[in-house]
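Coordinate analysis (summary)
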Amino acid sequence: MEPSYLSLSETDFKSRVEKLWDKLTSCDLCGNQCNINRFEKKGSCNAGFRMEVSSSFPHYGEERVLVGSGGSGTIFLSNCTCKCVYCQNWTISQTGEGKEASEEEVAITMLFLQKIGCHNINWVSPTHYTPQLVKSLMIAKEGGLKIPIVYNTGGYDSEDTIKLLDGIVDIYMPDIKYGSNENGLKYSKVNDYWDVSRKAVKEMHTQVGDLKINNYGIAEKGLLIRHLVLPNDIAESEKVLEFIANRLSTDSYVNIMDQYRPCFNASEYEELLRPITRREYIKLIDKAEVLGLHRGF
Ligand code: SF4
């Protein structure tokens, strides 16, 4: 299956880039809706208008449907729309570790990752740089890029931003971090995580549907949801699973992740100071099965 962006006309592609680029003058790319001019100052995400990239490489630690034999062509973007107090990549997301990169440079990186055998281009934490990344993709397409884009996001994307990616992104990989706005505010410092992420993920599912995997075991198109289980039910995981099963599809591919370890500022929250227990994890797997979810865990 060819990635969708190969069928997008040059005119349509340019129009999407323009519409996304316009957003930078009153930025509403994510749920924070800062409405500031990114050409003049930085918003809550700490991102200006130039992309900053922390690293790029074939990643073999992602879900096996993305990795295959050649790896997932990962590009880690600096800064983030959320400020999760337990972030394991906090040097990249919160202190902006990385280097400025032009759209042309990122296009060259994508083409290199394809050349060395990666199965996809995996934009990690792309939301605040979506206009620049889509422009890079347009340039890379001209240069012969033909592998799918994975939009690997924390899930705090505005619905409008996701709508502008229709026909451009083939694989959406959002987190759904919490089942309430309250915990989103307390632990990721954003006002309305649950409301924003549900709308964004619903739009993603409308565009690409459930995850489709080819005969070689590689994801080609669709939605892959990640949910990190937190201790003491801080993520309100049952509500998240109910949303996925009842509002999206029981064929959703869900990675229920058990690897939480206290990092960054988690030490300031007693309830975050331990890994999850086996009992907490098994309870959720059982819940997922009861709900009819059956893929990805
Ligand atoms: S991406 Fe989000 S946090 Fe960053 S400036 Fe735009 S609206 Fe604000």
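Quick note: structure is the one above.
Residues numbered from 1 in each chain as written. Predicted model: local features only at pLDDT ≥ 70, side-chain atom pairs only at ≥ 80, totals over all residues. Heavy atoms only, no water.

1. Thoughts on the overall build of the protein chain
Scanning the protein chain for helices and strands turns up 10 helices and nine strands. By its C-alpha atoms, the protein chain is 50 × 45 × 30 Å across when sized along the principal axes. Buried positions account for 57% of the 297 residues belonging to the protein chain. Across the protein chain, every contact between residues at least 6 apart in sequence was considered, and the portion connecting residues at least 24 apart equals 71%. Split by element, the accessible area of the protein chain, about 12800 Å² in all, is 47% carbon and sulfur. Of the charged side chains in the protein chain, 34 are positive and 40 negative; the average position of the first set lies 1 Å away from that of the second. (Helix = DSSP H or I, 4+ residues; strand = E, 2+ residues; numbered from the N terminus. Buried < 20%, exposed > 50% of the residue type's maximum accessible area, 1.4 Å probe, protein only. Contact = heavy atoms within 4.5 Å. Areas by Shrake-Rupley, 256 points an atom, 1.4 Å probe, with all protein chains shown as cover. Lys, Arg positive; Asp, Glu negative; His and termini not counted. Charge placed at Lys NZ, Arg CZ, Asp CG, Glu CD.)

2. Remarks on the packing of aromatic side chains
This model, assessed by the stated rule, comprises nine aromatic pairs. Look at Phe 57 and Phe 76: their rings are 5.9 Å apart centre to centre, the planes differ by 20°, and that puts the pair in the stacked class. A residue pair is termed long-range when its members are at least 10 positions apart, and Phe 57 in strand 1 (residues 51–59) and Phe 76 in strand 2 (residues 72–77) qualify at 19 residues. Residues Tyr 86 and Tyr 260 carry aromatic rings whose centres are separated by 5.9 Å and whose planes lie at 75° to one another, so their mutual orientation is edge-to-face. A residue pair is termed long-range when its members are at least 10 positions apart, and Tyr 86 in the loop between strand 2 and helix 3 (90–93) and Tyr 260 in the loop between strand 9 (253–257) and helix 10 (278–290) qualify at 174 residues. Each member of the pair, Tyr 86 as well as Tyr 260, carries the same accessibility label: buried. (Phe/Tyr/Trp six-rings, centres within 6.5 Å; stacked < 30°, edge-to-face > 60°.)

Nothing here speaks to function; it is geometry throughout.
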